[in-house]
Amino acid sequence: MRIGVLGAGNMADALATHWVRAGHEVVVGGRDKERARGLAARLGGGAKGDGLREAAAFGDVVLAALPFRAGAEVVRDLGPQLRGKALIDCSNPVGPGFRLLTGGGASAAEQLAAAAPGVQVVKAFNLCHEDVWRMRPPVFDGRPLAVPVCGDDEPSLDLVRRLVRDTGCAPVPGGGLERAGLLEATAALFIGLWVGEGADAQAIAPPLAYASGPARG
């Protein structure tokens, strides 16, 4: 698969590392082409570094590893190169006090979709710190990490589910793109618990067998 990566930061590094190892072709794009080339050199496997527009044009799938505040502007500018492609949004619009920066309006993922009509936005990879994505693979107590995936276009979802599996994780249906805001709110809650309270966010939910209450004989 041909993958374009927008951004040369930690999330770009962590996820693209898995995809290069899985044999995909990767072009990292950044406003700073030298930084993008530096990341590509670290990734190895024939990865290349270039500008944002070149990475967007290259990929069959494109990862938007961009800060929330910059994402819509970049995607709007790259609309012609992205049209018809799957665009993965892994951003978290979370600000001081672990509050959502979307203010109850459109999610970060929906803002990307509105910025570039014809682009198939898929929300994924936003619930964990980049160092979790660096694990090979992210498996805890023998169970692969589950990755919720939200989007409206089935072929795009299929591609993203494949890329989730290439990280060693298990894709989980998250519903349509209108549910991406729930994933972003979940990230805000989890980050607040993990970082703000030092609490185990996994402990707030019962096992699946008890999701509707204990079985009654």
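Just above, that's the structure.
First, a word on scope: everything that follows refers to the structure included in this document. (Residues numbered from 1 in each chain as written. Predicted model: local features only at pLDDT ≥ 70, side-chain atom pairs only at ≥ 80, totals over all residues. Heavy atoms only, no water.)

### A short note on the overall build of the protein chain
The line we're drawing: Segments assigned H or I by DSSP are reported as helices when at least four residues long, segments assigned E as strands when at least two residues long, and all are numbered from the N terminus. To get the radius of gyration, use the C-alpha atoms; to get the globule rule, take the number of residues to the power 0.38 and multiply by 2.2 Å. Using a 1.4 Å probe on the protein chains alone, a residue whose accessible area is under 20% of its type maximum counts as buried, one over 50% counts as exposed, and one in between counts as partly exposed. By the counting rule applied here, Lys and Arg register as positive and Asp and Glu as negative, while His and the ends of each chain are not counted. Charge placement uses NZ in Lys and CZ in Arg. For Asp and Glu, CG and CD serve respectively.
A count of helical and extended segments in the protein chain gives 9 helices and 12 strands. Against the 2.2 N^0.38 benchmark of 17 Å for 217 residues, the protein chain shows a C-alpha radius of gyration of 17 Å, consistent with a compact globule. Overall, the protein chain is about 60 × 35 × 35 Å in size when its C-alpha atoms are taken along their principal axes. Relative to its 217 residues, the protein chain shows a buried fraction of 47%. Within the protein chain, one finds 23 positive and 23 negative side-chain charges whose respective centroids are separated by 2 Å.

### Some details on the environment of Pro148
The criterion, for reference: In what follows, a contact means two residues having at least one pair of non-hydrogen atoms within 4.5 Å.
Structurally, Pro148 can be placed in strand S11 (residues 146–151). A relative accessible area of 22% places Pro148 in the partly exposed class. Pro148 sits 57 residues away from Ser91 along the chain, and the two C-alpha atoms are 14 Å apart. Setting aside residues up to four positions removed in sequence, Pro148 forms contacts with Lys123, Ala124, Leu127, Val172 and Leu183.

### Structural notes on helix H8 (residues 154–166)
Note the following rule: Here the expected length of a helix is defined as 1.5 Å per residue gap, with one fewer gap than residues.
For H8, spanning 13 residues, the distance from its first C-alpha to its last is 18 Å, which sits close to the expected 18 Å at 1.5 Å a residue. Remark: Gly168 follows H8 within two positions and exhibits a positive phi of approximately 90 degrees.

### Quick word on the pattern of salt bridges
Spelled out, the test is: Here, a salt bridge means any side-chain nitrogen of Lys or Arg that lies within 4 Å of a carboxyl oxygen of Asp or Glu.
Under the definition given, this model contains 9 salt bridges. Here Glu34 ties to Arg37 by a salt bridge, and the two come within 2.8 Å at their closest N and O atoms. One end of the pair is Glu34 and the other is Arg37, both in helix H2 (residues 33–43) and 3 residues apart, which spans about a single turn. What you see here is one network of salt bridges that share partners, running through Asp13, Asp131 and Arg134.

### With respect to the environment of Phe140
Mapping Phe140 onto the fold places it in strand S9 (residues 139–140). Note on Phe140: relative accessible area 38%, which makes it partly exposed. Placed 51 residues apart in sequence, Phe140 and Ile191 show a C-alpha to C-alpha distance of 19 Å.

### Describing the packing of aromatic side chains
Aromatic ring pairs are defined here through the distance separating the ring centres and the angle between the ring planes. Defined as follows: Only Phe, Tyr and Trp rings take part, Trp by its six-membered ring, and two of them pair if their centres are within 6.5 Å. Stacked means planes under 30 degrees apart, edge-to-face means over 60, and tilted covers everything else.
Enumeration according to the criterion identifies 3 aromatic pairs in this entry. Ring centres 5.9 Å apart and planes at 65 degrees place the aromatic pair Trp19 and Phe125 in the edge-to-face group. Placement of Trp19 in helix H1 (residues 10–21) and of Phe125 in the loop between strand S8 (120–123) and helix H7 (130–133) is noted, with a sequence separation of 106 residues between them. Each member of the pair, Trp19 as well as Phe125, carries the same accessibility label: buried.

### Focus: unusual backbone geometry
The omega torsion of the bond from Arg136 to Pro137 falls at -10 degrees, within 30 degrees of zero and hence cis. By the secondary structure assignment, Pro137 is in the loop between H7 and S9.

### Overview of the pairing of strand S2 (residues 25–29)
The line we're drawing: For two strands to count as paired, DSSP must find a minimum of two bridges between them. Viewed with both strands pointing away, a crossover whose connecting path from the first strand over the helix to the second turns clockwise is right-handed.
Burial analysis of S2 places 4 of its 5 residues in the buried class, the great majority of the element. Relative to S2, strand S1 (residues 2–6) runs parallel, the two being bridged by 5 bridges. Paired with Gly4 across the strands is Val27, a residue of S2. For the crossover from S1 across H1 to S2, the handedness is right-handed. At this point the chain moves from S2, through H2, to the parallel strand S3 (residues 48–50), and the crossover so formed is right-handed.

### A closer look at empty space enclosed by the protein
How we decide: Both cavities and pockets are sets of points on a 1 Å grid over the protein atoms alone; in a cavity a 1.4 Å probe fits but cannot get out, in a pocket the set is open with protein on both sides within 12 Å along at least five of seven lines, and lining residues sit with an atom within 4 Å of a point. Grid points are joined across faces, edges and corners, and a volume is the space filled by probe spheres set on the points. The residue classification treats Ala, Val, Leu, Ile, Met, Phe, Trp, Tyr, Cys and Pro as nonpolar and Asp, Glu, Lys and Arg as charged. All others, Gly included, are polar.
With the rule as written, the count across this model stands at 2 cavities of 30 Å³ or more. By volume, the largest cavity is sized at about 70 Å³. Around the largest cavity, the lining residues are Ala64, Leu66, Pro67, Phe68, Gly71, Ala72, Asp89, Ser91, Ala108, Gln111 and Leu112. Of all the secondary-structure elements, those providing two or more residues to the lining of the largest cavity are helix H4 (68–77) and helix H6 (108–115). Its residues assigned to classes, the lining of the largest cavity comprises 7 nonpolar, 3 polar and 1 charged. A volume near 50 Å³ is recorded for the second largest cavity. Considering the residues around the second largest cavity, the lining is formed by Ala124, Phe125, Asn126, Leu127, Cys128, Trp133, Leu145, Ala146, Val147 and Pro148. Ranked by residues supplied to the lining of the second largest cavity, first place goes to S11 with 3 residues.

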